Amino acid sequence: MQGLCGRNEVSKRLQQELKTDADAPYPQLHLTSKDVSDSPPKFPCLFVNSLGEPTEGTDLQNNQCYITSTIELQSYSAESPSGSQTEARKIMDVAGDVMFSMGYQLIYGPKQDNRNYFRTIARFRRLVGGGDEL
């Protein structure tokens, strides 16, 4: 059951709804599972990171029954004039809506952070049981 609702599945859903669907709002979005906080390769950018999937329950045979999936998202926009904190926040808002549609709850943020670019950070969590699908 490990990985049932992990980063890869979440990344695929975010890619589809933010970037590749016919009505996707950010077709130029760079999605990555590699930490790019020191230097995002492209803007706009969304970093999808799994913060863990610990076992929350087992059956009588000690088989994993459900996990807690915690996902951190970091959205990036370039420095002005081509980017803005507003753009980073809008990307996070849309990504957050996708996370909510998958049953995740917001547990941290969104928090705004300015460096040589604009960044918004949020964390989401949900319980995932055997047989659950996104």
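Since the model is a prediction, treat every value here as computed from it, not as a measurement.

Trainee: Looking at this structure, I do not really get the nonpolar core. What am I missing?
Mentor: Within soluble globular proteins, side chains that are nonpolar tend to cluster in buried spots. Val-10, Leu-14, Leu-46, Leu-73 and Met-99 are the most contacted members of the largest nonpolar core, which has 19 residues in total. In terms of residue count, the dominant contributor to this core is helix H2 (residues 85-101) (5 residues). Filtering out sequence-adjacent residues up to four positions away, Leu-46 remains in contact with Leu-14, Leu-18, Leu-29, His-30, Leu-31, Thr-32, Leu-73, Gln-74, Ser-75, Ile-91 and Ala-95. Within the second largest apolar cluster, 5 residues are counted, among which are Val-36, Cys-45, Tyr-76 and Tyr-117.

Trainee: How should I be thinking about the pairing of strand E4 (residues 64-77) in this particular structure?
Mentor: Consecutive residues of a regular strand have side chains that alternate between opposite faces of the sheet. The buried fraction of E4 is high, at 11 of 14 residues. In this sheet, E4 lies alongside strand E2 (residues 45-52) in antiparallel orientation, the contact comprising 7 bridges. When the bridges of E4 are listed, Leu-46 appears paired with Ser-75. In terms of strand pairing, strand E3 (residues 55-58) meets E4 through 3 bridges, oriented antiparallel. Looking across to E4, one finds that Gly-57 is bridged to Tyr-66. Between the antiparallel neighbours E3 and E4 lie 5 residues, among them Asn-62 with a positive phi of about 65°. In this structure, E4 lies alongside strand E6 (residues 118-129), joined through 12 bridges in antiparallel fashion. Bridge pairing links Gln-74 to Ile-121 in E6.

Trainee: For this particular structure, what's the right way to read the pattern of salt bridges?
Mentor: It is possible for side chains of opposite charge to pair when their charged atoms get near one another. Following the criterion strictly, the structure yields 4 salt bridges and no others. Between Arg-89 and Asp-93 there is a salt bridge, with the nearest N and O atoms lying 3.0 Å from each other. With Arg-89 and Asp-93 both in helix H2 and 4 residues apart, the pair spans about one turn of that helix. On the accessibility criterion, Arg-89 (30% relative accessible area) is partly exposed. For Arg-119, the salt bridge is made with Asp-113, and the minimal N-O distance between the two is 2.4 Å. Comparing Arg-119 with Asp-113 shows no difference in burial state: the two are buried.

How each quantity is defined
Residues numbered from 1 in each chain as written. Predicted model: local features only at pLDDT ≥ 70, side-chain atom pairs only at ≥ 80, totals over all residues. Heavy atoms only, no water. Core = buried A, V, L, I, M, F, W, Y, C linked by side-chain atoms within 4.5 Å. Buried < 20%, exposed > 50% of the residue type's maximum accessible area, 1.4 Å probe, protein only. Helix = DSSP H or I, 4+ residues; strand = E, 2+ residues; numbered from the N terminus. Contact = heavy atoms within 4.5 Å. Pairing = 2+ DSSP bridges. Salt bridge = Lys/Arg side-chain N within 4 Å of Asp/Glu carboxyl O.

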